[in-house]
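Notes for the structure review
Each chain, written out:
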Amino acid sequence: MRIGTFGAGNMAEALTAHWVRAGHEVMIGARSPEKAKTVAGRVGARAGGLREAAAFGEVILLALPHDAAVETVRAAGPLDGRVLVDCTNPIVPPAFTLATGHGPAAAERIAAAAPAARVVKAFNLCHEGIWRMTPPVFGGRPLGVPVCGDDPGAVATAERLVRDVGAVPLPGGGLARAGLLEATAAFVIGLWFAGADPAAMLPPVEVAMGGEPHVS
């Protein structure tokens, strides 16, 4: 698979390192040629500008600050048929509220800016340090990665990329649910910064819907 990136930051480097190891062809795309070359050299990828990455990739990882995402997508040239994987978070610290307010989700705004692309929301819940793990497994359980998207083929592609980082894809529903995923990121990041463990608020799946807890 050919994968391009919009962005040459930590998220792009962490995720594409896995994908290169999995045998995918990757081009790191950025406004700064030098930054793209540096990151590409570290992960074993090609380097180019944003338009070059858009032309190269069957899949585009959108790994930019949220406030640059829509403008970048609009300026990148034709994205017809591309799977556009959005890992951005529209979060405003220190209150950890959503920059999107009560309006459309960031992923939906990106989809509106690139109507010919197939947008999928994924990889937005964890710090880049987690994605550098090989693989991200905790207590013997691989990390789950929710994936939201309307196009079944694009979702399947994103799920493959999730597996290629050693994680497990979780069915997140259509792109209309991406706002819930973005709000989840804002909420749990706020808890992490407060020193709390978000995992503590979720019961085991076998009792989550009212089942009897297992007693050993």
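Nothing here was measured: the structure is a model prediction, and the numbers come from that model.

1. Some words on the packing of helix H1 (residues 10–21) against helix H2 (residues 33–43)
Interhelical geometry of H1 versus H2 gives an angle of 40° and a closest axis separation of 9 Å. Our classification of the angle between H1 and H2 gives oblique. Taken as a pair, H1 and H2 cross one another with a handedness that is right-handed. Two secondary-structure elements touch here, H1 through Glu-13, Thr-16, Ala-17 and Val-20 and H2 through Val-39, Arg-42 and Val-43. Of the residues assigned to the contact of H1 with H2, the class counts are four nonpolar, one polar and two charged.

2. Things to note about the sheet that holds strand S8 (residues 118–121)
Within the open sheet, the eight strands sit side by side as S3-S2-S1-S4-S5-S8-S11-S12. Their pairing is mixed. Both outer strands of the open sheet, strand S3 (46–48) and strand S12 (168–171), are each paired with one neighbouring strand and no more. With strand direction ignored, the average angle separating the axes of adjacent strands in the sheet is 30°. The pairing of S8 with strand S11 (residues 144–149) spans two bridges and is antiparallel. Looking across to S11, one finds that Val-120 is bridged to Gly-149. Across the sheet, helix H5 (residues 106–113) lies against strand S4 (59–62), strand S5 (83–86) and S8, angled at about 165° from S8, the strand it touches most. Taken strand by strand, helix H7 (residues 152–164) contacts strand S1 (2–6), S4, S5, S8, S11 and S12, and its axis lies near 165° from that of S11.

What counts and what doesn't
- Residues numbered from 1 in each chain as written.
- Predicted model: local features only at pLDDT ≥ 70, side-chain atom pairs only at ≥ 80, totals over all residues.
- Heavy atoms only, no water.
- Axes fitted to C-alpha atoms, helices over the stretch in contact; angles between N-to-C directions.
- Helix = DSSP H or I, 4+ residues; strand = E, 2+ residues; numbered from the N terminus.
- Parallel < 35°, antiparallel > 145°, perpendicular 65-115°, else oblique.
- Left-handed = near helix turned anticlockwise from the far one by under 90°.
- Contact = heavy atoms within 4.5 Å.
- Nonpolar A, V, L, I, M, F, W, Y, C, P; charged D, E, K, R; others polar.
- Pairing = 2+ DSSP bridges.

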